[in-house]
Amino acid sequence: MDLKQLRYFTAIIDEGGVRRASEQVHISQPAITVAIKNLEADLGVKLFVRKGRNLQATKEGYHFYKHACSILAQADKAKADMASLTSLQTAHIKIAAPTMIAGYILADAISDFMSLHPGIRITANQMGGPRVETALLRGDIDIGFMGNKPEAAHIEADKVTDAEIYAFVRQEHPLSGHGHLTWPEILKYELVTLARSYLLYENIKRQASRHRITADIILESDIFPLLITSIRKSNSIGLFLGNIAAHEPNLVCIPIRPKAGAPTPSEVKMIISACYLNSAPLSLAAKAFLAHMQQSLQ
């Protein structure tokens, strides 16, 4: 059994007969007939019976049709995947990133890359860091962007840029004039931040535990317009990456420090990395994308 036999077999069913199938696959009718007889001999079943001048699939033939279609689809996918390893003309890259990283750090660089390589198609998914790692391990994505070091040993992490967590308040907020805020000052207020599937949520909980203060997170979501509107209309504090400040000029962005003039504490630093499996080859397109992101963001 080979792929040609499967293509001839499925073509007969799809096209409704040998004549139209031969036109579809560009081979003579006798050659298709011989190929089908050989396929039936290999399988040990009759795939077609003759009804007048036409062939009609048997019950076994229709059952095998599902297997043949699946095998051909996998073969086509494998061929496309291998072609993408060496081509920048037509390729598909699947990526994933947490919402803040995707929307406020990567967006411009991704758009620039697509302008440079119009033949490449990109599927971008939004998900929290732990889910990005899972998607990589399952092979659902080619490259995942994370703000933490991946736990799996066979995931490679290439740094693309740095980021820092800031406190965001409305201009009328009692703390808006402060040059910096400490965690105890922040944790006295209601908080707005990303959903608990994101690492930032866990970081806030960790700081609250460290300072023995209960974090009152009144809104957790990855819908940014909802989060921003909540901050604008209340005295809550939003905790996000500082990169969003340029996009939200009506909010006050305040650094988080233990005291004035202190260096940036480690808990608010974030290294954004592009991650991929080191056990599987990146396509030429994915390598070009990775290099572009590193060059654009560093």
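Residues numbered from 1 in each chain as written. Predicted model: local features only at pLDDT ≥ 70, side-chain atom pairs only at ≥ 80, totals over all residues. Heavy atoms only, no water.

J.: Is there a simple way to explain the pairing of strand β2 (residues 54-57) in this structure?
T.: In the case of a regular strand, side chains alternate between the two sheet surfaces. Strand direction decides the pairing type here: strand β1 (residues 48-51) and β2, joined by four bridges, are antiparallel. In the sheet register, Lys-51 faces β2, and the bridge partner there is Asn-54. Hairpin connection, β1 to β2: the antiparallel pair is bridged by two residues, and Gly-52 has positive phi, about 65°. (Pairing = 2+ DSSP bridges. Helix = DSSP H or I, 4+ residues; strand = E, 2+ residues; numbered from the N terminus.)

J.: Please explain helix α1 (residues 3-15) as it appears in this structure.
T.: For an α-helix the count is 3.6 residues per turn, leaving residues at separations of three or four pointing the same way. Counted at 1.5 Å a residue, the expected span for α1 with its 13 residues is 18 Å, and the 18 Å between its end C-alpha atoms agrees. Those residues of α1 that sit buried are Gln-5, Leu-6, Tyr-8, Phe-9, Thr-10, Ala-11 and Ile-12. Where α1 begins, the capping side chain belongs to Asp-2, and its oxygen is found 3.2 Å from the backbone nitrogen of Lys-4. Backbone geometry just downstream of α1 places Gly-16 in the positive-phi region, at approximately 80°. (Expected span 1.5 Å × (residues − 1). Buried < 20%, exposed > 50% of the residue type's maximum accessible area, 1.4 Å probe, protein only. Polar contact = N/O pair within 3.5 Å; in protein donor to acceptor, adjacent residues only side chain to side chain.)

J.: Explain the nonpolar core to me, please; I cannot follow it from the model alone.
T.: Where a protein is soluble and globular, its nonpolar side chains tend to be buried together. Of all hydrophobic cores here, the largest spans 63 residues; its most connected members are Phe-145 and Phe-240. Counting residues per element, this core draws most heavily on helix α5 (residues 99-116), which supplies eight residues. Formed by 17 residues, the second largest nonpolar core is a distinct cluster that contains Tyr-8, Ile-32, Ala-35 and Leu-72. (Core = buried A, V, L, I, M, F, W, Y, C linked by side-chain atoms within 4.5 Å.)

J.: Before we go on, may I ask you to explain the pattern of salt bridges in this structure?
T.: A side chain with one charge may pair with a side chain of the opposite charge, provided their charged atoms come close. Overall, the coordinates contain nine salt bridges when judged by the stated rule. In this structure, Glu-220 engages Arg-196 in a salt bridge whose closest nitrogen and oxygen atoms are separated by 2.6 Å. Linking Glu-220 in strand β8 (residues 217-220) with Arg-196 in the loop between β7 (191-193) and α8 (199-210), this pair joins segments that are 24 residues apart in sequence. A relative accessible area of 51% places Arg-196 in the exposed class. (Salt bridge = Lys/Arg side-chain N within 4 Å of Asp/Glu carboxyl O.)

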